[in-house]
2 protein chains.
Amino acid sequence: MKKICTIGGGTGNFVALRGLKHYDVDLSAIVSMADDGGSTGILRDDLGVLPAGDARQCIVALSNSSRLMRSLMNYRFENGNLRGHSFGNLFLSALEKVTGSFEKAIEEVSRILSIKGKVIPVTTQQVRLKMVLKNRTMLEGEKEIYLSEEIDQGYESLYLEPYPKANHQAIAEIMNADAIVMGPGGLYTSIISNLLVEGIPEALRETKATIIFVVNLMNRKGQTTGFKVSDYIQEITRFIGEDIFDYILVNDQKPPRELIDKYSSEGDLVENDMLEERVVLASLLGPLENKSSADLMNRSLIRHDSQKLAQELMRIITNVDKNCSLALL
Amino acid sequence: MKKICTIGGGTGNFVALRGLKHYDVDLSAIVSMADDGGSTGILRDDLGVLPAGDARQCIVALSNSSRLMRSLMNYRFENGNLRGHSFGNLFLSALEKVTGSFEKAIEEVSRILSIKGKVIPVTTQQVRLKMVLKNRTMLEGEKEIYLSEEIDQGYESLYLEPYPKANHQAIAEIMNADAIVMGPGGLYTSIISNLLVEGIPEALRETKATIIFVVNLMNRKGQTTGFKVSDYIQEITRFIGEDIFDYILVNDQKPPRELIDKYSSEGDLVENDMLEERVVLASLLGPLENKSSADLMNRSLIRHDSQKLAQELMRIITNVDKNCSLALL
């Protein structure tokens, strides 16, 4: 059975995992620990726990339990002091308090939610994502960085404080994987936030796994404005120290004009400017209707389709020997 | 297998259930829905959910799951906006929101906690316990009644508002039980609060079950000051309309003098003034050390021992035919 390891955080990771879950593979999801917005941020500040939101999304994506339990995990209280808190975050945070360990908390919730695979925090240290812009502005925290519209003006540095050591299990998963899937997801907040952990870039450079990057569908205004596929690869490569990608999966299905227009205040479509063989083009767009389905899916109107994405990833992973190109298939 | 049904709420119920769980019996716990204090009260007010606290305690008492899961259910958040909320209450309340039904919420949590038996809310209507004192003071809510020190001055009326119909399942359990165990517990707030539900007194009068009342160890100052065993029976009989008790289980083990003195600001020992054959005397006191064990047990220093209580109850239930007295055994 192929061992597949995803690296990310947030909604993008959710989409990939939800699709991959249906294949006969050994899955592990390494998640960013930089989240500090919303319910997760309040719990971090009030209780001193590690950020639960990204782990919760992965657990729900991999869960084989009833729809009820999955809805419960994503349920947000609507009134009073609890308003805005996701039940799943409270679940993980209370378990972290009771067990004294965020990893044990994840294990226990994973068991209750009957998940396929494992969810692994990239580090178990309490960290803050920070960015210093070219204009010397300091952005503190993932939320502030995610909401900034100035990053495309240039930044001096991006780092986690304190500089954390990787979770040993995360390193082991990277080293033992047959395939690693990075992305889609917020470039700085969900992808690179994993690469700022001591030991992760080294492991990624050393692993024998086939490494696939899934490029975002859309750029985010003020963050990656005007980015083309090569810009994503270059930016990530700066943090890994080497271009490690065996395959780069790019959507080539155009969304309808009116949707692009509607989305234009948030960002523009990512164009492909790479003609190398490792770039795999595929039709990956999700259905454009039912915008109001799962609460996790609401953030973006233009999104990957779990099934199509997983199918394409599996085609790459199962058919390709690292030494021959996809063109030979 | 004997069908045993407990009626109560709060800590007293917890003690009885925790002991009975270890016997080969079919258990159901009917719980009061009048709680409106603490975490439960806030959730009722903020979210409009039914009171979770008593049901949670019963679920934990009957749980066969890991110590970790039981600790989690009783875990109280210590900081921020969540401070004081019990995780188990949040679990039940979030599930009630997601499923739209408190009973379904109990079922789901019961499944996750692998409970032995069933926990059944006495009513599924949203109610408030109210008491009008002789001096015309109106006490609103279980918490206010529980904290009042004027009840022993006399009260005019005690009722639930609105007057609720019983949960059909509660009636069925009472009618089908081989034995019913009422108490120990707060007389007005945990015992009688169940008897104010339409259909419950009738069912208790009609059932063929052996009915056992477990008398509290201590009176509560200002509530049942100076009550003797017969006062408890009389007071409860007023609300049922008939003295239904086949057995009255009374502790006859004296706590150490210094503990009684220590407790004297809260209340006095309940004395037995009934010499009838149905009154069963037994040594039922819990260990007097480790005051700080389970969070549920902390409320009272002088308390029933789960094992002794269950053993005595089982002796009555398994050996006694309703038509012959215990003396014949």
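These numbers were taken from a predicted model, which means no experiment stands behind them.

### Observations regarding the sheet that holds strand β10 (residues 279–282) of chain B
Residue and element names in this part refer to chain B.
Step number 1: One open sheet accounts for 7 strands, arranged β3-β2-β1-β7-β8-β9-β10; its pairing is parallel. With partners counted over all chains shown, the strands left at the sheet margins are β3 (118–121) and β10, one partner each. Adjacent strand axes in the sheet meet at a mean angle of 20 degrees, parallel and antiparallel pairs treated alike.
Step number 2: Taken strand by strand, helix α1 (residues 10–20) contacts β1 (3–8) and β2 (26–31), and its axis lies near 165 degrees from that of β1.

### Considerations on the interface of chain A and chain B
Step number 1: With 26 residues of chain A at the contact, the number on the chain B side is 26 residues.
Step number 2: Overall, the association of chain A and chain B removes approximately 2,300 Å² of surface from exposure, summing both partners, and the carbon and sulfur fraction of that is 80%.
Step number 3: At the boundary of chain A and chain B, one finds 0 salt bridges.
Step number 4: Applying the counting rule to chain A against chain B returns 0 residue pairs in polar contact (both at pLDDT 80 or more).
Step number 5: Mapped by element, the contributors of at least two residues to the side of chain A that touches chain B are α2 (38–47), α4 (67–74), α5 (87–99) and α6 (102–112) of chain A.
Step number 6: The residue inventory of the side of chain A that touches chain B, partitioned by class, reads 15 nonpolar, 7 polar and 4 charged.

### Some remarks on unusual backbone geometry
Step number 1: The omega angle of the peptide bond from E161 of chain A to P162 of chain A is -10 degrees, so this bond is cis rather than trans.
Step number 2: Examined against the element boundaries, P162 of chain A turns out to sit in the loop between β6 (155–161) and α8 (168–176).
Step number 3: Looking along the chain, the bond that leaves G183 of chain B and enters P184 of chain B is cis, with omega of -5 degrees.
Step number 4: With respect to the helices and strands, P184 of chain B occurs in the loop between β7 (179–182) and α9 (187–195).
Step number 5: Even without a glycine there, the phi angle at S114 of chain A is positive, about 45 degrees.
Step number 6: Along the chain, the position of S114 of chain A falls in the loop between α6 and β3 (118–121).
Step number 7: Residue S114 of chain A is classed as partly exposed on the basis of its relative accessible area, which comes to 36%.

### Thoughts on the sheet that holds strand β4 (residues 128–133) of chain B
Residues and elements named next belong to chain B.
Step number 1: Strand order in the open sheet formed by 3 strands is β5-β4-β6, with antiparallel pairing between adjacent strands. Whereas interior strands pair on both sides, the edge strands pair on one side only; in this sheet they are β5 (138–140) and β6 (155–161). Geometrically, the sheet is characterised by an average inter-axis angle of 15 degrees between neighbouring strands, direction not taken into account.

### A look at the side chain of S39 of chain B
Step number 1: When you line up the elements, S39 of chain B lands in helix α2 (residues 38–47).
Step number 2: With residues up to four places along the chain from it excluded, the contact list for S39 of chain B reads R76, G84, H85, S86 and N89 of chain B.

### Examining the packing of aromatic side chains
Residues and elements named next belong to chain B.
Step number 1: All chains considered together, the criterion is met by 14 aromatic pairs over all chains.
Step number 2: Geometrically, the ring pair formed by Y155 and Y188 is edge-to-face, given 5.4 Å between the ring centres and 80 degrees between the ring planes. Of this pair, Y155 sits in strand β6 while Y188 sits in helix α9, placing them 33 residues apart in sequence.
Step number 3: Of the residues examined, Y155 reaches a relative accessible area of 10% and is grouped as buried.
Step number 4: Judged by relative accessible area, which is 2%, Y188 ranks as buried.

### Focus on the nonpolar core
Generally speaking, a soluble globular protein has its nonpolar side chains buried in company with each other.
Step number 1: M182 and L204 of chain A together with M182 and L204 of chain B are the most contacted members of the largest nonpolar core, which totals 214 residues.
Step number 2: Contacts of M182 of chain A, omitting those with residues within four sequence positions, involve I7, I191, L195, L204, I212, F213, V214, I236, I240, I244 and F245 of chain A.

### Quick word on helix α8 (residues 168–176) of chain B
Step number 1: Every buried residue of α8 of chain B is accounted for by A170, E173 and I174 of chain B. For α8 of chain B, the angular spread of the buried residues around the axis is 100 degrees, confining them to a single face.

### Comments concerning the domain arrangement of chain A
All names here are of chain A.
Step number 1: By the assigned domains, chain A splits into domain 1 (1–33 + 165–329) and domain 2 (35–121).
Step number 2: Each of domain 1 and domain 2 has a C-alpha centre, and these two points are 23 Å apart.
Step number 3: Facing the 25 residues of domain 1 at the interface are 23 residues of domain 2.
Step number 4: Interface area for domain 1 against domain 2, summed over the two sides, is near 2,000 Å², with a carbon-plus-sulfur share of 55%.
Step number 5: Here domain 1 is connected to domain 2 by 1 salt bridge.
Step number 6: One salt bridge in this structure joins K118 and E173, with 2.8 Å as the shortest N-O distance.
Step number 7: Summed over the shared surface of domain 1 and domain 2, the result is 12 residue pairs in polar contact (both at pLDDT 80 or more).

### Some thoughts on helix α5 (residues 87–99) of chain B
Step number 1: Here α5 of chain B is 13 residues long and its end C-alpha atoms lie 18 Å apart, about the 18 Å a rise of 1.5 Å per residue gives.
Step number 2: When α5 of chain B is considered as a whole, its buried residues turn out to be F87, G88, N89, L90, F91, L92, S93, A94, L95 and E96 of chain B.
Step number 3: Against α4 and α5 of chain A together with α2, α3 (53–62), α4 (67–74) and α6 (102–112) of chain B lie the buried residues of α5 of chain B.
Step number 4: Trailing α5 of chain B by a residue or two, G100 of chain B shows a phi angle of about 80 degrees, which is positive.

### What about the relation of the copies chain A and chain B?
Step number 1: Rotating chain A by 180 degrees about the axis while translating it 0.0 Å along that axis superimposes it on chain B, leaving an RMSD of 0.0 Å. Each copy turns onto its partner about a two-fold axis. When C-alpha positions in chain A are compared against the rotation axis, the closest is assigned to N81 of chain A, at 2.8 Å.
Step number 2: Interface overlap between copies is the fraction of interface residues in one copy that are interface residues in the other; for chain A against chain B it reaches 100%, indicating a shared surface.

### Notes on the packing of α4 of chain A against α5 of chain B
A packed helix pair is summarised by two numbers, namely the angle formed by the two axes and the spacing between the axes.
Step number 1: Contact geometry of α4 of chain A with α5 of chain B gives a least axis separation of 10 Å together with a crossing angle of 115 degrees. Our pair here, α4 of chain A against α5 of chain B, has a crossing hand that is right-handed. Across the interface between the two elements, L68, S71 and L72 of chain A of α4 of chain A pack against F91, A94, L95, V98 and T99 of chain B of α5 of chain B.

Calculation notes
- Residues numbered from 1 in each chain as written.
- Chains lettered and ligands numbered in written order.
- Predicted model: local features only at pLDDT ≥ 70, side-chain atom pairs only at ≥ 80, totals over all residues.
- Heavy atoms only, no water.
- Pairing = 2+ DSSP bridges.
- Helix = DSSP H or I, 4+ residues; strand = E, 2+ residues; numbered from the N terminus.
- Axes fitted to C-alpha atoms, helices over the stretch in contact; angles between N-to-C directions.
- Contact = heavy atoms within 4.5 Å.
- Buried area = accessible area lost by both parts, 1.4 Å probe.
- Salt bridge = Lys/Arg side-chain N within 4 Å of Asp/Glu carboxyl O.
- Polar contact = N/O pair within 3.5 Å; in protein donor to acceptor, adjacent residues only side chain to side chain.
- Nonpolar A, V, L, I, M, F, W, Y, C, P; charged D, E, K, R; others polar.
- Buried < 20%, exposed > 50% of the residue type's maximum accessible area, 1.4 Å probe, protein only.
- Phe/Tyr/Trp six-rings, centres within 6.5 Å; stacked < 30°, edge-to-face > 60°.
- Core = buried A, V, L, I, M, F, W, Y, C linked by side-chain atoms within 4.5 Å.
- Arc of directions from axis to C-beta.
- Domains from an automatic or database assignment.
- Expected span 1.5 Å × (residues − 1).
- Least-squares fit on C-alpha atoms with pLDDT ≥ 70 in both.
- Left-handed = near helix turned anticlockwise from the far one by under 90°.

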